[in-house]
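Analysis of the macromolecular model
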Amino acid sequence: MKRFFTLLLLAVICSCAQTNIKNEKVLESNRAKYNFNVDWKFIKSNPEHAHKKNYDDASWETISCPHTYNDTDTFDDLSHGHHDGEDNQWRGTVWYRKHFKIPETDWDKKVFIEFESVRQIADVYINGIYLGKNQTGFIPFGFDLTPHLKFGEDNVIAVKVNNERGDHFRKNFPLVWNHEHWHPTHGGIYRNVFLHTMDPLHVTLPLYDNLETVGTYVYTDNTSEKSADVTVEAEIQNEYSQNKNLTLVTQIVDNDGAVVAQSFKDVAIPSGQKLKVATTTNVQNPQLWYTRNPYMYKVVTGIKESDKVVDTYESPLGIRNFEFNKDTGFSINGEHVKLHGWGQKPTNAWVGLGAALPDWLRDFTFKLMDDAGGNFIRWGHCAGSPAEVDMGDKYGFVTLMPGVSGESEDEGETWDIRYKAFKDLIVYYRNHPSIFIWEGGNWAESEAHYKEILNAIETFDPKGKRLMGNRRADVKNDSDGYVSIEIGTEGWEREYPDLPIIESEYNREESPRRIWDKYSPDDNFWNHPNISKNTYKLSSEEFAVRQADHWWNKMGKKPYHSGGANWVFSDGPHGGRCPTEVTRASGEVDAVRLPKEAFYALKAMWRPEPQVHIVGHWNYTPETKKTIYVISNCASVKLYVNDKLIGTNNAPENGYVFKFDQVAWETGEIKAEAFIDSELKTTQTKETAGEPEALKLTPITGPKGWLADGSDIALIDIEVVDAQGRRCPLAKGRVDFTISGPAIWRGGYNSGNPNSTNNLYLDIEAGINRVAVRSTLEAGNVTITATKAGILDANLELNSMAFEIKNGLTTMLPQVYENVLSKEPLPAHTPEMPKYVPGIKNRSELFKKFSYTGDGKAMLRTNMHWGKKAYTDLEYNYTVLPKFLNGAEYVRTPNSDNRYWARDQLQFIAGKKMHIYVLHDDTVSRPEFLLQDYNDTGDNVNMAGVSMSVFHRLAEEGESIIMAGNSDGDAPENCRMYTVMAKKFKK
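Because the structure is a prediction, the values reported are computed rather than measured.

Summing up its helical and strand segments, the protein has eight helices and 54 strands in all. What you see for the protein is a C-alpha radius of gyration of 29 Å, in line with the 30 Å of a compact globule of 987 residues. The dimensions of the protein, computed from C-alpha atoms along their principal axes, are 90 × 80 × 65 Å. Taken over 987 residues, the protein has a buried fraction of 64%. Here the analysis covers contacts within the protein between residues at least 6 apart in sequence; of these, 73% occur between residues at least 24 apart.

Below you can see the structure in the form of structure tokens.
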């Protein structure tokens, strides 16, 4: 009997490919996917017995998912600075309950629930029966509901959610990533929930957590423009009480919905068994997936029993070849591509909404990134959502995908949770063509952990050809031989000469949208009471211009560099260094996704079509003379004021910045013309706006409209315009709102003011602001009025559309933008790059794998003695030095980073047993790393009138040395950055 079942599991009766498929229809089946987001009950407390089916929840609040109970207590406090995130949020245990009915006619179906993730710990019950726990916060998970359901009767899902965390991120075990240092702890069912019903003979779901099922695995081989072999490995489960004979049908469906290839395989599967079945088919003349033309197919995997289709399962497919090369960077399908884009927090926090966003708002953010020329995304520390990975596929974003991680090498329970989540991640996302790199962690691991990471990839994604890297792998020698790509960190030099490199976090600077430049009226920035505490004091203009500096010098001009992720795309409450702001203002868009000048600067650099952007506005005072910056991806620029030529510039700084000094303002217009090979390619004109005349309201809704599903959002832009309808760029001041109708006001914010969220008023910033309103379950008209003293009011009517739901279920899935495929051209012009000579450069005997992650540039130097320059950005030289420092190797740091803090600002591995000396400014509080690991020698070095104490420690060969910022507390304005020296130990 045992031999009989073994033969059944291996049986393949026939396998063939159908060549004539011109009129073949896409398979349909009785599998259903329900939107389970709508009409939950919620209570912000922890009542006893809330898991029981007959518990009375009538008095609870009615909500819809995505939902967070931290939408009203975020973006409301000024940043602490020092890279600390927003911590003043409600934490604790809450409950969600949902009543639903599965039709009695589905009594013979299997029913599974899928949570796209819950923060932070979820305990799930069905009809009072405990199903299990998930505590990753970012990875999808699910449960089999079938044994506990009453078909045709009322059922209750109950979810207990907890978002508490330890006070310090380093001690927040076991969930070290559940901390505002990484992501504000927005608790709740903040992503989608789905219910799946299917035949007991079915393709499984890719929900490895709890269910331990893997769905399909789709991969390609022998890919070219002429042909591609597509293999689909499907996990089939037979939950009938009898053995089954079936035919597995695989269809490749193109973007127009036509079947372009298919195959069949006959299979026998015993009762109660799971079986993986692989089929391979060939696509002729495939449309390849490029970042600039992300053509998507779908794979339909069907199960036929006696010619009846009993189940189908859809998988994404993008057909592509790619290479990350240590000397030439990244290429896809043989085409070289420079990768440029953003790191983004997977919470994607939004003012008034927290982390609970409808999918179309996530798509709204992706469309902005695509419009700015992005083609790369690195999800910050933890995984992005399923919807956003789909968006990476459809917009052509090469994705660097982590599991869950803080910033540490973890052991024990923390590692066990992380490793399990990493396996869940791979199973769920492995079919997506946009994922090119698995991020094993946000910090270097031990050799044993690296082996586990690679084993997970080999087990679940053996044919994906994806690379694996850990951010900050360079802090440990254990990383050698295991990482296949260097994931850099704001670095100026590569640390692994034999590996390709991609940057995960560059340009951590911050600037709010509301402040134009020093020639424009201040809007609570330069005069903010906290301005002296800011690490960054940058106007929007400076922030925009510095985008080119960071991009070009760190990545853009290096032919070997694959590119990198600007940190981050949207402002959020996750660790700002500027107490003038309620956000970390590092984004190219603010926290309601209004673009800053930096957004347009990067667009002018990164879009392939000819671009030109004049940084700033054209509403100054008559005496103003200022430098005008023009960003362009063209070769030369001409600037005009009122049609008078101001100058021609064909020598841009940092590849893209065309600078025009002492331009006198005149009312009228300023125009930039951009040229390639002396041919005019594009122009931009900015006009002087008139006096404020009126308010203007502009609605933004999802592609299918504003849905009365209880969680959909309508955005409203509020502008101050002149008599001609032009935005007044210097307008500011309070606007008051009234609202009537079935909606919940979510409001907006002011970046420099605490407690500005969720109010029926807010200030205009640089002529515009944006608010949000949430729908209820009641459809109808909503009227909004905006008033501002001295100008005309504005009125707007919105209509929320009825959203059909029956017995707690609907088949209308969350809306996103569709049919977005467009083929972009190759770049019109690329600035000239310095010549690159491949080779391995041994920079130092003592400082191995040296990296510096500050904003400025550090340099390694040898043979310290009198007269050597101390800093990379100051003309100060060492004079009198203790004799024991003579001849040392040393690090020349940038003094501009004297008040910048990062946990891993300076790092190296000791090349020999050696003495390490740190010269530290006596006026600055001594950082923790000095107090813990170093001894004060009692010696001092006078550096241009500043006394620097000399600290010392011994380091063994191979030891990893990590130094944080100059001080993680407030430091004096004119303090000095520490410097580091080393000498080989002699017996």
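Taking 1.5 Å per residue, 18 residues should reach 26 Å; helix H4 (residues 412-429) reaches 26 Å between its end C-alpha atoms and fits that length. A large share of H4 lies buried, amounting to 13 of its 18 residues.

Let's shift gears to the pattern of salt bridges. Following the criterion strictly, the structure yields 61 salt bridges and no others. The partner of Glu-305 in a salt bridge is Lys-244, with the nearest N and O atoms 2.9 Å apart. Highlighted residues: Glu-305 in strand S18 (residues 297-305) and Lys-244 in strand S15 (residues 244-253), separated in sequence by 61 residues. Exposure remark for Lys-244: the relative accessible area of 10% places this residue in the buried category. With a closest N to O distance of 3.6 Å, Lys-537 and Glu-973 form a salt bridge. With Lys-537 in the loop between strand S29 (501-506) and helix H6 (540-556) and Glu-973 in the loop between strand S53 (960-963) and strand S54 (979-984), the pair connects residues that are 436 residues apart, well separated along the chain. Here the residues in one salt-bridge network are Arg-378, Glu-407, Glu-439, Arg-471, Arg-472, Asp-474, Glu-505, Arg-508, Arg-903 and Asp-904, joined through shared partners.

On to the nonpolar core, then. For soluble globular proteins, the rule of thumb is that nonpolar side chains tend to be buried together. One finds Trp-177, Leu-361, Phe-364, Met-401, Trp-438 and Leu-715 to be the most contacted residues of the largest nonpolar core, which totals 119 residues. With ten residues, the single largest contributor to this core is H4. Once residues lying within four places of it in the same chain are set aside, the contact partners of Phe-364 are Trp-350, Arg-593, Ile-700, Leu-715, Arg-770 and Tyr-817. Residues Leu-919, Met-948, Tyr-978 and Val-980 belong to the second largest nonpolar core, which totals 42 residues.

Turning our attention to the sheet that holds strand S2 (residues 32-35). What the four strands build is an open sheet, ordered S2-S11-S6-S9; its pairing is antiparallel. Strand pairing shows two members of the sheet lacking a second neighbour, S2 and strand S9 (141-144), which therefore form its edges. Shown here is a sheet whose adjacent strand axes are inclined to one another by a mean of 20°, direction ignored. As defined by bridge partners, S2 adjoins strand S11 (residues 193-198) across four bridges and the pair is classed as antiparallel. Paired with Tyr-34 across the strands is Leu-195, a residue of S11.

This part takes up the packing of H4 against helix H5 (residues 447-460). Each pair of packed helices can be summarised by the angle the axes make with each other and by the distance between the axes. The geometry of H4 relative to H5 is characterised by a closest axis approach of 9 Å and an angle of 25° between their N-to-C directions. One element, H4, and the other, H5, form an angle in the roughly parallel class. In the crossing of H4 with H5, the sense of the turn from one axis to the other is right-handed. In this structure, H4 contributes Trp-415, Tyr-419, Phe-422, Lys-423, Ile-426 and Val-427 to the contact, and H5 contributes His-449, Glu-452, Ile-453, Asn-455, Ala-456, Ile-457 and Phe-460. Within the contact of H4 with H5, the residues separate by chemical class into nine nonpolar, two polar and two charged.

The next subject is the sheet that holds strand S43 (residues 768-775). Reading across the sheet, the four strands line up as S38-S39-S43-S41 and stay open at both edges, with antiparallel pairing between neighbours. Of all the strands in the sheet, the pair left with one neighbour each is strand S38 (694-700) and strand S41 (743-747). On average, each strand axis in the sheet is tilted by 25° relative to the strand beside it, whichever way the strands run. Relative to S43, strand S39 (residues 713-721) runs antiparallel, the two sharing seven bridges. Following the sheet pairing, Ile-713 is matched in S43 by Arg-774. Sitting on the sheet, helix H2 (residues 359-371) is in contact with S38, S39 and S43, with an inclination near 45° to S39.

The pairing of strand S3 (residues 40-43) with strand S4 (residues 61-63) spans three bridges and is classified as antiparallel. Paired with Phe-42 across the bridge in S4 is Glu-61. Note: S3 against strand S5 (residues 93-100), three bridges, orientation antiparallel. Following the sheet pairing, Lys-41 is matched in S5 by Arg-97.

Within the secondary structure, Thr-688 is located in the loop between strand S37 (679-687) and S38. Apart from the residues lying within four places of it in its own chain, the contact partners of Thr-688 are Trp-618, Asn-619, Trp-665, Glu-666, Thr-667, Gly-668 and Arg-726.

Okay, the packing of H6 against helix H7 (residues 597-606) next. Contact pair H6 / H7: the axes reach a minimum separation of 8 Å and the direction vectors enclose 30°. Like other packed secondary-structure pairs, H6 and H7 cross with a definite hand, here right-handed. Of the residues in H7, those in contact with Ser-540, Phe-543, Ala-544, Gln-547, Ala-548 and Trp-551 of H6 are Glu-597, Ala-598, Ala-601, Leu-602, Met-605 and Trp-606. Partitioned by chemical class, the residues of the contact of H6 with H7 number nine nonpolar, two polar and one charged.

Here the focus is the environment of Arg-513. Along the chain, the position of Arg-513 falls in the loop between S29 and H6. For the pair Arg-513 and Ile-502, spaced eleven residues apart in sequence, the C-alpha separation works out to 28 Å. Ignoring anything within four residues of it in the chain, the contact list for Arg-513 reads Ser-540, Asp-590, Leu-594, Pro-595, Lys-596, Glu-765, Ala-766, Ile-768 and Asn-769. Engagement of the side chain of Arg-513 in a polar contact is seen with the side chain of Asp-590, the distance being 3.0 Å. Within the structure, the side chain of Arg-513 is placed 2.9 Å from the backbone oxygen of Glu-765, a separation counted as a polar contact.

Let's shift gears to the side chain of Asp-523. Relative to the helices and strands, Asp-523 resides in the loop between S29 and H6. We note that Asp-523 is buried and unpaired, the nearest opposite charge coming from Lys-732 at a distance of 4.6 Å. When sequence neighbours within four positions are dropped, the list of residues in contact with Asp-523 reads Arg-514, Ile-515, Lys-732, Ile-764 and Glu-765.

The next subject is the packing of aromatic side chains. Each aromatic ring pair is characterised by the separation of its centres together with the angle its planes make. All chains considered together, the criterion is met by 49 aromatic pairs. With centroids separated by 6.5 Å and ring planes inclined at 80°, the aromatic side chains of Trp-360 and Tyr-817 adopt a geometry described as edge-to-face. Of the two residues, Trp-360 sits in helix H2 while Tyr-817 sits in the loop between strand S45 (794-800) and strand S46 (847-852), which places them 457 residues apart along the sequence. As far as burial versus exposure is concerned, Trp-360 and Tyr-817 are alike and both buried. Ring centres of Tyr-506 and Trp-551 lie 6.2 Å apart, and the angle between their planes is 45°; this geometry places the pair in the tilted category.

Turning next to the pairing of S39. Among the nine residues of S39, nine are classified as buried, and the element is accordingly described as predominantly covered. Neither face of S39 is open: one carries Ile-713, Leu-715, Asp-717, Glu-719 and Val-721, the other Ala-714, Ile-716, Ile-718 and Val-720, and all of them are buried. The pairing of S38 with S39 spans seven bridges and is antiparallel. For Leu-695, the partnering residue across the bridge sits in S39 and is Val-720.

Once that is clear, we can look at the confidence of the model for the protein. Caution applies to low-pLDDT parts of the model: their predicted coordinates are not meant to be read in detail. Residue-level pLDDT values for the protein average 94, and 97% of them are 70 or greater. Segment residues 1-19 is flagged for pLDDT under 50; beyond a separation of four residues in sequence, or across chains, it makes 28 contacts in the model.

It is worth spelling out the state of the cysteines at this point. Tallying each qualifying case throughout the model produces zero disulfides. Free of any disulfide, Cys-975 has its nearest cysteine sulfur in Cys-578, 15 Å distant.

Another aspect to go through is H5. The α-helix advances 3.6 residues per turn, and as a result positions three or four apart in sequence lie on the same side. With 14 residues, H5 ought to run about 20 Å at 1.5 Å a step, and its terminal C-alpha atoms sit 20 Å apart, in line with that. Of all the positions in H5, only His-449, Tyr-450, Ile-453, Ala-456, Ile-457 and Phe-460 are classed as buried. Viewed along the axis of H5, the buried residues span an arc of 120°, placing them on a single side of the element. Buried positions along H5 lie against strand S13 (216-221), H4, strand S26 (435-441) and strand S27 (467-470).

Before going further, it helps to examine unusual backbone geometry. Residue Pro-66 is bonded to the preceding Cys-65 through a cis peptide linkage, with omega at 0°. Take Pro-66: it is sitting in the loop between S4 and S5. Looking along the chain, the bond that leaves Trp-567 and enters Val-568 is cis, with omega of 5°. For Asn-507, which is not glycine, the phi torsion reads 60° and is therefore positive. Among the secondary structure elements, Asn-507 is positioned in the loop between S29 and H6. The exposure class assigned to Asn-507 is buried, which follows from its relative accessible area of 0%.

How each quantity is defined
- Residues numbered from 1 in each chain as written.
- Predicted model: local features only at pLDDT ≥ 70, side-chain atom pairs only at ≥ 80, totals over all residues.
- Heavy atoms only, no water.
- Helix = DSSP H or I, 4+ residues; strand = E, 2+ residues; numbered from the N terminus.
- Rg over C-alpha atoms; globule rule 2.2 N^0.38 Å.
- Buried < 20%, exposed > 50% of the residue type's maximum accessible area, 1.4 Å probe, protein only.
- Contact = heavy atoms within 4.5 Å.
- Expected span 1.5 Å × (residues − 1).
- Salt bridge = Lys/Arg side-chain N within 4 Å of Asp/Glu carboxyl O.
- Core = buried A, V, L, I, M, F, W, Y, C linked by side-chain atoms within 4.5 Å.
- Pairing = 2+ DSSP bridges.
- Axes fitted to C-alpha atoms, helices over the stretch in contact; angles between N-to-C directions.
- Parallel < 35°, antiparallel > 145°, perpendicular 65-115°, else oblique.
- Left-handed = near helix turned anticlockwise from the far one by under 90°.
- Nonpolar A, V, L, I, M, F, W, Y, C, P; charged D, E, K, R; others polar.
- Polar contact = N/O pair within 3.5 Å; in protein donor to acceptor, adjacent residues only side chain to side chain.
- Lys, Arg positive; Asp, Glu negative; His and termini not counted.
- Phe/Tyr/Trp six-rings, centres within 6.5 Å; stacked < 30°, edge-to-face > 60°.
- pLDDT = per-residue confidence, 0-100.
- Disulfide = S-S within 2.5 Å.
- Arc of directions from axis to C-beta.

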